[in-house]
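Residue strings, one per chain:
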Amino acid sequence: MAPVEATPRQASRAEVTGAGDVSREYLLERFAEFLTLEHGSSPRTDDSYGRDLQRLADWGAAHGAPTAASLTAAHLREYVYYLKDLGLAPASIRRGISAIRTWYKFLLAEGVVTLDPSERLETPRKWRTLPEVLTADEVGRLLDAVSLDEPLVFRDRAMLELAYGAGLRVGEWITLKVNDLMLDEGVLRVFGKGSKERLVPVGRRATGAVAQYLRELRPRLEKGKGAGVLFLNAHGRPLSRMGAWKILRKYVALAGITKTVTPHTLRHSFATHLLEGGADLRSVQEMLGHADISTTQVYTHIDREYLRSVHRQFHPRG
């Protein structure tokens, strides 16, 4: 979630402390002398670094980090999100991060800190961009496009319901085996990257679609070549990655969706819709099978961009 700006209570605390006190606790005057005498940067860069770090110091004082030594890596990550939420250009954010890293070199040399929490701080250049995400309405249109006129309607509907309903990677949904289904319990056993096993909950609609496919169609497709895999092609063999792509493209076209939609788009939509609905990041991380929560945090960027676009569109002073 986006960091909360200082409340009046927090702001008054910063005022009581005083801007001079905050600058002193963050050693900003000594850092300015270091830049002038030792760093060799231009006066313009020195001035920009000074403004950037004064902003950091003011933010830190209002968010539980009143001194340079009390700043943590978590604080710095939230601060960068704060800069992004202010609408600063990527170049300005990169300069701010550069100022922070130079400041930490100074703090280390002065013995004020023993570790540099800015080492793993991501810059805007490294922020990942995601494919377009479908709206809930577009997902509904996609799933409704699978009509009873299709010869493999039960397979196709079950496949798309499961891909979106469980947030699976395409490699996971085409290798899912019948024995991995625990439909009575509403969960799937999924083997993700590195054959890491996880249990993923699945909703009633996907469960019902899969049960119907197992009952009405899969026994007729199975010709002894399915190897226990859930989704089979018309020849009774496990569905290939390309086969899954073709099926998805077909229904995207029938639904009249003009966005670029790939199998991974359904996974991104699953995660984004959960977070927009109020799900916590740790739970979404577990369902997606991400080893590192920072991989899941990329979805919060989408949420922020969405909220900002809504504000710009509808607020009278947006």
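As the structure is a prediction and not an experimental result, all values here were calculated from the model.

Draft legend 1. Up close: the overall build of the chain. When helices and strands are tallied, the chain shows 15 helices and three strands. Looking at the chain residue by residue over its 318 residues, the buried ones come to 45%. Of the contacts formed within the chain by residues at least 6 apart in sequence, a portion of 63% connects residues at least 24 apart. Carbon and sulfur atoms make up 53% of the accessible area of the chain, which totals about 17,300 Å².

Draft legend 2. Main features of the confidence of the model for the chain. Of the residues in the chain, 83% reach a pLDDT of 70 or more, and the chain-wide mean stands at 84. Throughout residues 1-18 the model reports pLDDT below 50, and contacts reaching past four residues in sequence, or to other chains, amount to 23 contacts.

Draft legend 3. Layout of the nonpolar core. If you look at the biggest cluster of nonpolar residues, it comprises 46 residues, and the most contacted ones within it are Leu142, Leu160, Leu162, Trp173, Leu188, Tyr213 and Phe231. Elements with a minimum of two residues in this core: α7 (136-144), α8 (153-166), α9 (170-175), β2 (187-191), α10 (204-216) and α12 (241-254). Sorting elements by how many residues they give to this core places α8 first, with eight residues. Grouped together as the second largest cluster of nonpolar side chains are 31 residues, Leu56, Trp59, Tyr82 and Tyr104 included.

Draft legend 4. Representation of α8. Given a rise of 1.5 Å per residue, 14 residues ought to cover 20 Å, and the 20 Å separating the end C-alpha atoms of α8 matches this to within 8%. The buried count for α8 comes to 11 of 14 residues, which makes it a mostly enclosed element. Of all the residues in α8, the buried ones are Val153, Phe154, Arg155, Asp156, Ala158, Met159, Leu160, Glu161, Leu162, Ala163 and Ala166. The positive-phi residue at the C-terminal boundary of α8 is Gly167, with phi of around 65 degrees.

Draft legend 5. Region of the structure containing the side chain of His75. Residue position: His75 is located in helix α5 (residues 73-85). In contact with His75, not counting residues within four places along its chain, are Trp59, His63, Gly64, Ala65 and Ser70.

Draft legend 6. Broad picture of α5. Between its first and last C-alpha, α5 extends 18 Å over 13 residues, near the 18 Å set by a 1.5 Å rise per residue. For α5, every residue scored as buried is listed here: His75, Leu76, Tyr79, Val80, Tyr81, Tyr82, Leu83 and Lys84. Phi turns positive one or two residues past the end of α5, at Gly87, with a value near 90 degrees.

Draft legend 7. Focus on the sheet that holds β2. Ordered by their spatial adjacency, three strands build an open sheet running β1-β2-β3, and the pairing between neighbours is antiparallel. The two strands at the open ends of the sheet, each matched to only one other strand, are β1 (181-182) and β3 (197-201). Relative to β3, β2 runs antiparallel, the two sharing five bridges. Within the sheet, the bridge partner assigned to Val190 lies in β3 and is Arg198.

Draft legend 8. Expanded view of the pattern of salt bridges. Considering all chains together, one arrives at 12 salt bridges under this definition. For the salt bridge of Glu138 with Lys259, the shortest nitrogen-to-oxygen distance reads 2.9 Å. Of the two residues, Glu138 sits in helix α7 while Lys259 sits in the loop between α12 and α13 (263-276), which places them 121 residues apart along the sequence. When the shortest N-O distance is used, the salt bridge between Arg218 and Glu222 registers 3.2 Å. A relative accessible area of 26% places Glu222 in the partly exposed class. Beyond isolated ion pairs, a larger network of salt bridges with shared partners links Arg169, Glu172 and Arg198.

Draft legend 9. Spotlight on unusual backbone geometry. Positive phi is not limited to glycine here, since Leu27 has a value of about 55 degrees. One can find Leu27 in the loop between α2 (19-25) and α3 (28-39). Positive phi, normally seen in glycine, also occurs at Ala227, with a value near 55 degrees. Tracing the sequence through the fold places Ala227 in the loop between α11 (218-221) and α12.

Conventions adopted
Note that residues are indexed from 1 along each chain, following the sequence as it is written. Owing to the predicted nature of the model, reporting of local features is limited to residues with pLDDT of at least 70; listing and counting of side-chain atom pairs is limited to 80 or more, with chain, interface and lining totals taken over all residues. Hydrogens and water are ignored here; the side-chain numbers use all heavy atoms of the structure. Helix numbering and strand numbering both begin at the N terminus, where a helix is a DSSP run of H or I of at least 4 residues and a strand a DSSP run of E of at least 2. Burial classes: relative accessible area under 20% of the type maximum marks a residue as buried, over 50% as exposed, and values in between as partly exposed (1.4 Å probe, protein chains only). Contacts are assigned to residue pairs with any non-hydrogen atoms lying within 4.5 Å of each other. Using a 1.4 Å probe, the Shrake-Rupley method yields the accessible areas, and only the shown protein chains count as cover for residues. Every residue is assigned a pLDDT by the predictor, reflecting its confidence on a scale from 0 to 100. Working definition of a nonpolar core: buried Ala, Val, Leu, Ile, Met, Phe, Trp, Tyr and Cys residues. They are joined through side-chain atoms within 4.5 Å. Given the number of residues in a helix, its expected span is that number minus one, multiplied by 1.5 Å. DSSP calls a pair of strands paired once it identifies at least 2 bridges connecting them. Any carboxyl oxygen of Asp or Glu within 4 Å of a side-chain nitrogen of Lys or Arg constitutes a salt bridge here.

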